[in-house]
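Structural features, examined
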Amino acid sequence: MAVELAGGALLSATLRVVFDRLARREVVDYLRGKKLSDQLINNLRTVLSAVNSVLDDAELKQNINPNIKQWLDELENASYDADDLLDEIETHALQSNLKDESTKSSKASKLFKHSISISFRSYNRDMKKKLKEILQRLKFLEERIYVLGLIKGVGEKPSPRPPTTSLTEESEVYGRDADKEAIIKLLLTDDDHEGRNKVSVIPIVGMGGIGKTTLAQSVYNDHAVEKHFNFKSWVCVSEEFDICNVTKTVLCAVTKSHSHSYDDSNLDLLQTELKEGLTGKKFLIVLDDVWNEDYIDWKKMCTPFNYGAQGCKIIVTTRNENVADITGTIPTHYHLEHLKDEDCWKLFEKHAFDKIRDSGVCQVLEKIGRGIAKKCNGLPLAAKSLGGLLRSKEDINEWERVLKSEIWDFSYKETKILPALLLSYNYLPSHLKRCFAFCSMFPKDYEFQKHELVLLWMAENLLRQSKRDKRMEDIGDEYFNELVLTSFFQRSSNVSASSWEYSFEVEKSFFVMHDLVHDLARYVSGEYCFTLEDGNSNEKAMRVRHLGVATVVSSQRFGTISESTHLRTLLPLDSYSFRNLFNEVVNNVILKLRCLRVLSLFGCKNLTQLSESIGELKHLRFLNLSETSIKRLPNSVCKLYNLQILNLSWCHGLIELPEDMHHLINLRHLDISYCFDLVEMPRQLSKLKSLLTLTYFVVGKDNKAKIGELRELSDLHGELDIRNLQNVPSAEDAFEAKLMDKNNLEGLLLFWNGNSNDSNHDEEVLKNLLPHTNLKMLYIHGYGGPSFPNWLGDVSFCNTVYIRLGECKYCKCLPPLGQLPSLKTLYIEGLSGVVTVGAEFYGINGSNSARKAFSSLEFLRFSNLAAWQEWCSVGVDDGEIFPKLQALEILGCDRLRSVDWPVNLPCLTKLRIICSSSGSEVLVSSLPRTPAIRHLGLSKCEQIEVRGLPQTVETISVGGCRGVESLMKALRESQTCSLQSLCINDCSLPISLPTGCLPATLTQLRINNCEKLEFPMHHDSLKTSLQSVSISKSCGGSLIFFPLDFFPSLNYLCFEECENLESLMVSDGLPYQHGLICLSSLRIERCFMFISFPNGGLHAPNLTHLTVRDCKKLKELPEQMANLLPSLEDFTITDCPEVESFPEGGEGVESFPEEGLLPSTLTHLWMGGFASLKRLDIKELQQLTSLTFLEIKKCPQLQNLPQQKLPTSLNDLFINKCPILKERCQRDKGKDWNKISHIPGIHIDYKVI
């Protein structure tokens, strides 16, 4: 088994931190001040140096000698304890300095001074004793070095990769046809892409084992490539980049000589001869597995290649993006993606099934084999290796073992996966190894963001302090980028797009680790990191230092974590992980873990109060309390002198911050975003000189924190939201904030609260809140001045991409924003004083009339401009306004009559015009010319007509009688159309959809509040295309029954408040059993005349969601649900009072569920409104082995819960408006409490208990 490196990176990192602490002046001076001799410190350094020197050798031998494994475990514990003690000493040194300052300041709080005095007296007594104990433990370990035979400086050396050749077996190349074709196309093109290089270099980049070499071999041996080049050469470079060896290999290919014909050491001779051999020739050279990142070496090696003919090519395969950047000449590198599952299976099948002839065995093994291939996650090396491991083996148990194994369960001889991945790992510098190993506590497929991970690394002391003046966050960014460039981290397809709904948000990229890279991280981190997931044991969690929680945990399960006394990281990895924890668990269990560096209680909704004991977490550097229910922090938080990150975002109940927060002198990031109940800030925040993030600041009145507190915080980054600007007493005070000096600030939100008492005062204040021109986002809300300052719209703000102006009611005209060169998103909302929008908006005047307006704008929204009547584009030439505009929205501007649209909006794909009230006469003029329009939305706009449908339109939403009528006409006249989604709203006219005119491309149809509209029941063109139908308050006369089988492609069907709908049915003579194969969701709500489902039940094998709510006349549920709905996961049945018996023959709704009613696939069950329900059938409920959520609502006669416990799979139980049951289920005292106490989340009448 191959487990030599486990844990080495994190242990060596701890030793390095201890070394660093012993060298810090504040620690040394503090110890000397406490009369500790220098000899003690020197002895510690000596013994640490001795054990560190043999660490590599110990890690290599630990699996063959259990005594060495025990030695390493003891060294780990001693090292961590030494780090904890020295961290305490460093903290007390910091406290000592603060004590000196506090004695000089009469303003320091008495509590703060008193707490410092007590901590010093209690601490100094045993500090020296602990140091001597640790030194004694380390000396004992040093003495055992010689007994164990550990050797200094010896460790595992990376196994060299076997050299590659140009030969390949063509049949082994699966799923790479498109890649091969693309690269061959590049090879056969004689000109360099930019015409500057005779030799084009094509980098193929990807993680180890992804098939770069195989693809290069396939291309190298292609017949067309053979004919195109005068000669070819293949060089396996690998880790050792030797210019002489590479040059000699190519030279031998040119001259067809043996390698011994040339002197390896004479580079000049080699390059001169190679130049002569290459001059005027067209060649192809493959440099396989290049690791060298030295640009000078690369250019030196390439010198003779430049004498070749035009069209010469070099292919470089590499795992490292930096190598591709240095070598490549094409615009983008060729990134090799993972194989698709089917291609991975084919490769696995080729190797595993080569000699298995028994068809019966093959059939059984194929199912397992496909699981193994999927486990390979698109990595060809893994598929080939595991296929070869199982080659010709017919033992099913052996195949099952491989399916369930991790990569480290295989020896080096069995598979090459681990060595291939370890080669990349071994090549990393030590500081990147430990950062990578830390990520092993994430579960597989966990998506993370750069900034969040960098802050965790920083809090765990995994970042090496630069000798240059560089921020730790920047160092962490560099580390992260290196791990991306070397394919340890990969970009996820998930990107949180900018919503722009409240404030500026840049697009945030998420990253993941490939499954096998994640396995490698688990392998190299050993037992230091652990992920608590469903099904695994708490036992291991009690021994780790870094714990991630990836599942919902109950208070009972979390109680055992109290034994993890050395835990340094506690991190929820799911938004629901801690939702069922209460104050008691947090304060009595978690806050007893005194070694914590990272503590996140994110999403712990039931946490309302933290105890003062949090101040005893002396090592804490990262505290995340976001999305909790705390109202205030204990003042003892201000004793967390090492705290670097404090996250309180989305704590909606937070009303104040501690008075002494200015003592947190190491605080770098304070996130209080969306804490809207926070009414004031603590004073002296300006003392937090290290602060880089301050997301929210409330300007106080009288003697509270003033805006001038921001003056000294010159290094703020990210976004700053300043509230209650009406409290700024003068323009001079606004100037004191020095916003113009904060050149790293990207986003600025300026909020006034309430009506302005002095509009001129507001105007002067805003004028002096001039930000730095680096600003990217600006949001001004509630401003009471009559006009905007000159700086708003000035072209010097060339980085601004987002502006939002809201509720500035007294401004009569818009600022000149049209000349901002980078502006992409613009919101104008609630400016009720604006009547006309014209040339001033575009920034057009006599001096710049020829310039474009809004040259980069992509999104523009006007909303609730109550007085706006006219929009004109005077002074702007056609084509010079909004050339890149993609989306335009005009919402609630009901007095707008005239719009001078630009003649052409070439990029506009989305247009929405929505009036706030019916009958509005907005926009008498016609719609603009939009050749690229894809999404059109018009609502309650009685004067607007749809004239002609562009072929590009995909979605249309139209409301109002005139709009719907004109749409019907346009559909009749339309020749061809790409319409996919159609929504018709608010039409009281008797209208029918035009027969034969709805395009066959239509997949979604929504009809809302159109009572007299006739549903297109027999439109043959829609029979196979419609996939989603939603009908609400509509089609009253034509929709009495709905033939399910007429629309066989439906996957979503919804009826709401369809007053005449009586039944779902099937047509006679049609093969109904095949008719609902696509249906996955069915909702019927508030259809008071609805009586029945189809006779024989719903034949919907893929239905996952079924909701039946408030159907007063419904008698029976669908028949044979357990058999006919085998995929049902979510079932809601509420407020259907006439349901008397269930289809399987129960005697009234006194018991639920009836035998065989529900399929075992059910995960969510919502039931309610059963007035006569008296008991739950526990036998049937326990058949629901997948059930995780159960709500019981409005069942007043339900007497009690069954004697046996509810299903153990349940995570959430909601009991609402069930008075008898409510009393019996009270925590700890209710008669039925023991029956439900095992369920993590219990809610009664909408409150967590």
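Just above sits the structure.
To start, this report covers the structure provided alongside it. (Residues numbered from 1 in each chain as written. Predicted model: local features only at pLDDT ≥ 70, side-chain atom pairs only at ≥ 80, totals over all residues. Heavy atoms only, no water.)

With respect to the sheet that holds strand β9 (residues 546-549)
In spatial order, the strands read β8-β9-β10-β11-β12-β13-β14-β15; together these 8 strands make up an open sheet with parallel pairing. For this open sheet the edge positions go to β8 (529-532) and β15 (693-694), each flanked by a neighbour on one side alone. Sheet topology note: the strand β10 (residues 569-572)/strand β11 (residues 598-600) ladder contains 2 bridges and is parallel. Bridging across to β11, Thr-569 finds its partner in Val-598. (Pairing = 2+ DSSP bridges. Helix = DSSP H or I, 4+ residues; strand = E, 2+ residues; numbered from the N terminus.)

Examining the packing of helix α14 (residues 341-352) against helix α16 (residues 380-389)
Between α14 and α16, whose axes approach to 7 Å, the crossing angle comes to 25°. With respect to α16, the element α14 is oriented roughly parallel. The handedness of the crossing between α14 and α16 is right-handed. Contact residues: α14 offers Cys-344, Leu-347, Phe-348, His-351 and Ala-352, while α16 offers Pro-380, Ala-383, Lys-384, Leu-386, Gly-387 and Gly-388. By residue class, the composition of the contact of α14 with α16 is 7 nonpolar, 3 polar and 1 charged. (Axes fitted to C-alpha atoms, helices over the stretch in contact; angles between N-to-C directions. Parallel < 35°, antiparallel > 145°, perpendicular 65-115°, else oblique. Left-handed = near helix turned anticlockwise from the far one by under 90°. Contact = heavy atoms within 4.5 Å. Nonpolar A, V, L, I, M, F, W, Y, C, P; charged D, E, K, R; others polar.)

Details of the packing of aromatic side chains
According to the stated counting rule, one finds 45 aromatic pairs in the structure shown. With centroids separated by 5.6 Å and ring planes inclined at 85°, the aromatic side chains of Tyr-220 and Trp-234 adopt a geometry described as edge-to-face. Here the residue Tyr-220 occupies a position in helix α8 (residues 212-220), and Trp-234 occupies one in strand β2 (residues 231-238), the gap between them amounting to 14 residues. For Tyr-220, a relative accessible area of 7% puts it in the buried group. (Phe/Tyr/Trp six-rings, centres within 6.5 Å; stacked < 30°, edge-to-face > 60°. Buried < 20%, exposed > 50% of the residue type's maximum accessible area, 1.4 Å probe, protein only.)

A short note on the pattern of salt bridges
Counting across every chain of the model gives 51 salt bridges. Between Arg-632 and Glu-656 there is a salt bridge; the shortest N-O distance is 2.9 Å. Taken together, the residues Arg-632 in the loop between β12 (622-624) and β13 (645-647) and Glu-656 in the loop between β13 and β14 (669-671) connect sequence positions 24 residues apart. Look at Arg-632 and you get partly exposed, because its relative accessible area is 41%. Note that Arg-1086 and Glu-1085 form a salt bridge whose closest N and O atoms lie 3.6 Å from each other. Look at the salt bridges and you will find they share partners, linking Asp-83, Asp-84, Asp-87, Arg-568, Arg-597 and Arg-621 into a network. (Salt bridge = Lys/Arg side-chain N within 4 Å of Asp/Glu carboxyl O.)

What about the nonpolar core?
Ranked by size, the top nonpolar core spans 220 residues in total, and within it Ile-722, Trp-871 and Phe-1055 carry the most contacts. Among the elements that take part in this core, helix α29 (residues 961-973) stands out by supplying 6 residues, more than any other. Beyond its immediate sequence surroundings of up to four residues, Trp-871 is in contact with Val-837, Tyr-842, Leu-860, Phe-862, Phe-882, Leu-888, Ile-890, Leu-896, Ser-898, Val-899, Asp-900 and Trp-901. Counting 122 residues, the second-largest nonpolar core is a separate cluster that includes Ala-216, Leu-284, Met-441 and Val-524. (Core = buried A, V, L, I, M, F, W, Y, C linked by side-chain atoms within 4.5 Å.)

Things to note about the sheet that holds strand β4 (residues 312-318)
Here we have 5 strands laid out as an open sheet, ordered β2-β3-β4-β1-β5, and parallel in their pairing. Every other strand in the sheet has two partners, leaving β2 and β5 (334-335) as the edge strands with one partner each. Bridge count between β2 and strand β3 (residues 283-290): 7 bridges; the pairing is parallel. Bridge pairing in β3 places Ser-233 opposite Ile-285.

Structural notes on helix α19 (residues 430-438)
In terms of burial, α19 is a largely internal element, 8 of the 9 residues being buried. Looking at α19, one finds that the buried residues are His-431, Leu-432, Lys-433, Arg-434, Cys-435, Phe-436, Ala-437 and Phe-438.

As for the packing of helix α20 (residues 450-459) against helix α21 (residues 472-485)
Their axes nearest at 9 Å, the elements α20 and α21 cross at an angle of 115°. At the point where α20 passes α21, the crossing takes the right-handed sense. Contacts between α20 and α21 involve Lys-450, Leu-453, Val-454, Leu-455, Trp-457 and Met-458 from the former and Met-472, Glu-473, Gly-476, Asp-477, Tyr-479, Phe-480, Asn-481 and Leu-483 from the latter. Split by residue class, the contact of α20 with α21 holds 9 nonpolar, 2 polar and 3 charged.

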